[in-house]
Amino acid sequence: MNETELKALISEAALAAEVSEAEALRPELAGLRIFDAPIFAAAAADDPMFLRLRDEASVGAHHLMPADWTRSARFVLSVFFPFTRRVRAANAAVDPLPAAEWLHGRIEGQKHINAVSVTAAEALRRAGFSAVAPSADARFRSQGFTSNWSERHVAFVCGLGTFGLSKGLITQKGIAGRFSSIVTDMALSPTRRGYTELYEYCIFCGRCAKRCPADAIDPETGKAHVPCSAFVEETRTLYAPRYGCGKCQVDVPCEGGIPAKGARQ
Ligand code: B12
Ligand code: SF4
Ligand code: SF4
């Protein structure tokens, strides 16, 4: 197993992720393809930026280091799985409630991401390397508005993108999608971080604030977690066991790529 084979394994599984007949919220959603081809970035496990995530201002002391997941950690591979146009377009509707396609992306999409991350880590271990997919590991903890392995922060460190006003992470393939990561001792080529600022890719156009059905995003100060979380929870009463929103991630200039600076409104 080498870096190319690892990425091919993840890409193939991501492209095959679809909604089954049993899961489909409407019959025509059976077979819905959830993700486009993923993009990758890697950082050395001893990149000093991982330590900065333990500052109270960024995530906090509860955020684990790569070596806490696997002692021999040498690299972290961060993966962004962009939603397909069909998933994004469905959620772009003016309706304040999430589209069925987006609910599938949130729930079935995450199920597929966990499965592919676990499969990739197992394949690495079979090849003699140490490997852990933190978000799918039993030690992963998410409490309130934080966690002990924040995939957006890890993606930022790896060079995959920067935060936006909505607090989503904007990548070369946009903001509408989901993240995963793998910590391993297999050699990976570290990505050069093409930015220095936390919000460098955001053009502060305020479109995400206008799209938010919960008024959770202030055009000046950004997203407040409490109203966002309350709205996402509310959708659970309608769609349990599913839930979601993501209106701030579609029909916005950063939806499918890094917005052009000239697009500022
Ligand atoms: C808890 C959680 C939530 C909570 C709280 C959100 C939060 N804290 O951001 C609630 C329920 C509100 C939520 C909502 C949603 N979530 Co959520 N959530 C998570 C979860 C499980 C943990 C997040 C976490 O640990 N945050 C840590 C805190 C510290 O983050 P923060 O306050 O935003 O961080 C700021 C500070 O760190 C600051 N900062 C200050 N100093 C410094 C210094 C440095 C060096 C750095 C790096 C940062 C920094 O910058 C950051 C941005 O302002 C992650 C999964 C994971 N394992 O990461 C998904 C995750 C963040 N969610 C995701 C998504 C998609 C959603 C929703 C769209 C729901 C949906 N699917 O329909 C909404 C979108 C909300 C939004 N506008 O971004 C995606 C993000 C995709 C993306 N493109 O960014 C994630 C990564 C899940 C995944 N596997 O992909 N979520
Ligand atoms: S919609 Fe505009 S302001 Fe909001 S995150 Fe995207 S680029 Fe930034
Ligand atoms: S996920 Fe929904 S409620 Fe939360 S900030 Fe985005 S648009 Fe607003």
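One can find the structure itself at the top, above this paragraph.
About the criteria used
Starting afresh in each chain, residues are numbered from 1 along the sequence in its written order. Here every chain gets a letter starting at A, and every ligand a number starting at 1, in the order they are written. Only residues with pLDDT of 70 or above have their local features reported here, since the model is predicted, and side-chain atom pairs are shown and tallied only from 80 upward, although totals for entire chains, interfaces and linings are computed over all residues. In computing side-chain values, all of the structure's heavy atoms are included and hydrogens and water are not. The criterion is simple. A nonpolar core is a set of buried Ala, Val, Leu, Ile, Met, Phe, Trp, Tyr and Cys residues joined through side-chain atoms within 4.5 Å. Type-normalised accessible area, obtained with a 1.4 Å probe on protein chains alone, sets the label of each residue: buried when under 20%, exposed when over 50%, and partly exposed for intermediate values. Only DSSP runs of H or I with at least four residues qualify as helices, and only runs of E with at least two residues qualify as strands; both kinds are numbered from the N terminus onward. A pair of Phe, Tyr and Trp rings is counted when the ring centres sit within 6.5 Å of each other, with Trp represented by its six-membered ring. The angle between the planes then sorts it: under 30 degrees is stacked, over 60 is edge-to-face, the rest tilted. Residue proximity to a molecule or strand is established when one non-hydrogen atom of the residue lies within 4 Å of it. Residues are grouped as follows: Ala, Val, Leu, Ile, Met, Phe, Trp, Tyr, Cys and Pro are nonpolar; Asp, Glu, Lys and Arg are charged; every other residue, Gly included, is polar. The salt bridge definition used is simple: a Lys or Arg side-chain nitrogen within 4 Å of an Asp or Glu carboxyl oxygen. Counted as a polar contact is a pair of N or O atoms within 3.5 Å, where, for protein atoms, one must be capable of donating a hydrogen and the other of accepting one, and residues adjacent in sequence contribute only when both atoms are in side chains. For two strands to be treated as a pair, DSSP must find no fewer than two bridges joining them. Should any heavy atoms of two residues lie within 4.5 Å, those residues are counted as being in contact. With axes taken as lines fitted to C-alpha atoms, and helix axes fitted only over the stretch in contact, angles between N-to-C directions fall between 0 and 180 degrees.

Peer 1: Please explain the nonpolar core as it appears in this structure.
Peer 2: The nonpolar side chains of a soluble globular protein tend to be buried, and buried together. One finds Phe50, Val76, Trp149, Leu160 and Ile217 to be the most contacted residues of the largest nonpolar core, which totals 38 residues. Looking at this core element by element, the count peaks at five residues for helix α6 (residues 151-158).

Peer 1: Help me understand the packing of aromatic side chains, please; the structure alone is not making it clear to me.
Peer 2: Each aromatic ring pair is characterised by the separation of its centres together with the angle its planes make. Counted under the stated rule, the structure contains eleven aromatic pairs. Ring plane angle 10 degrees and centroid distance 5.6 Å describe the contact between Phe35 and Phe83, whose orientation is recorded as stacked. You can see Phe35 sitting in the loop between α1 (3-16) and β1 (39-44) and its partner Phe83 sitting in the loop between β2 (75-82) and α4 (85-91), a full 48 residues away along the chain. Of the two residues, Phe35 and Phe83, both sit in the buried class. For the pair Tyr195 and Tyr201, a centre-to-centre distance of 5.5 Å together with 85 degrees between the ring planes defines the contact as edge-to-face. You'll find Tyr195 and Tyr201 in the same group, each marked buried.

Peer 1: I tried to follow the environment of Ala224 on my own but got confused; where do I start?
Peer 2: Here Ala224 shows up in the loop between β10 (222-223) and α8 (225-239). Its relative accessible area of 34% is what places Ala224 among the partly exposed residues. Between the C-alpha atom of Ala224 and that of Glu23, which follows or precedes it by 201 residues, the distance is 32 Å.

Peer 1: In this structure, what is going on with the site of ligand 2? I would like to understand it.
Peer 2: Inspection of the region around ligand 2 gives 13 residues, with Cys202, Cys205, Gly206, Cys208 and Cys254 positioned closest. Broken down by class, the residue content of the shell around ligand 2 amounts to ten nonpolar, three polar and no charged.

Peer 1: How do you make sense of the pattern of salt bridges when you look at a structure like this?
Peer 2: Tallying each qualifying case throughout the model produces twelve salt bridges. Glu255 is paired through a salt bridge with Arg88; the nearest N and O atoms lie 2.8 Å apart. Here Glu255 is found in the segment after α8, whereas its partner Arg88 is found in helix α4, with 167 residues between them in sequence. Relative accessible area serves as the criterion here: at 11%, Arg88 is assigned to the buried category. One salt bridge connects Arg211 with Asp251, and the closest N-O pair in it is separated by 3.9 Å. Remark: Asp251 occurs in the segment after α8 and Arg211 occurs in helix α7 (residues 207-211); sequence separation between them is 40 residues. Using a relative accessible area of 37% as the deciding quantity, one classes Asp251 as partly exposed. Among the ionic contacts, a cluster of salt bridges with common partners joins Arg26, Glu28 and Glu101.

Peer 1: Just to check I follow, could you spell out the site of ligand 1 for this structure?
Peer 2: Looking at ligand 1, there are 41 residues lining it, with Ser58, Ser147, Glu151, His153 and Tyr199 nearest. Residue Ser58 places a main-chain N or O atom 2.6 Å away from an oxygen atom belonging to ligand 1. Secondary-structure elements contributing two or more residues to the shell around ligand 1 are α5 (100-126), β5 (146-147), α6, β8 (177-184) and α8.

Peer 1: Before we go on, may I ask you to explain the pairing of β8 in this structure?
Peer 2: Within a regular strand, the side chains alternate between the two sheet faces. For β8, the tally of buried residues reaches seven of eight residues, placing the bulk of the element in the interior. By the bridge criterion, eight bridges tie β2 to β8 in an arrangement that is antiparallel. Bridging from a neighbouring strand, Ser78 pairs with Ser181 of β8. Relative to β8, strand β3 (residues 131-132) is paired through two bridges, and the arrangement is antiparallel. The partner of Val132 across the bridge, within β8, is Val183.

Peer 1: Where do I start with the sheet that holds β2 in this structure?
Peer 2: Sheet strands pair by backbone hydrogen bonding; their relative direction is either parallel or antiparallel. Judged by pairing direction, the sheet is antiparallel, and its four strands sit side by side in the order β1-β2-β8-β3 without closing on themselves. What marks the edges here is a single partner per strand, and that holds for β1 and β3. On top of the sheet, α5 reaches β2, β3 and β8; it is set at about 20 degrees to β8, its chief contact.

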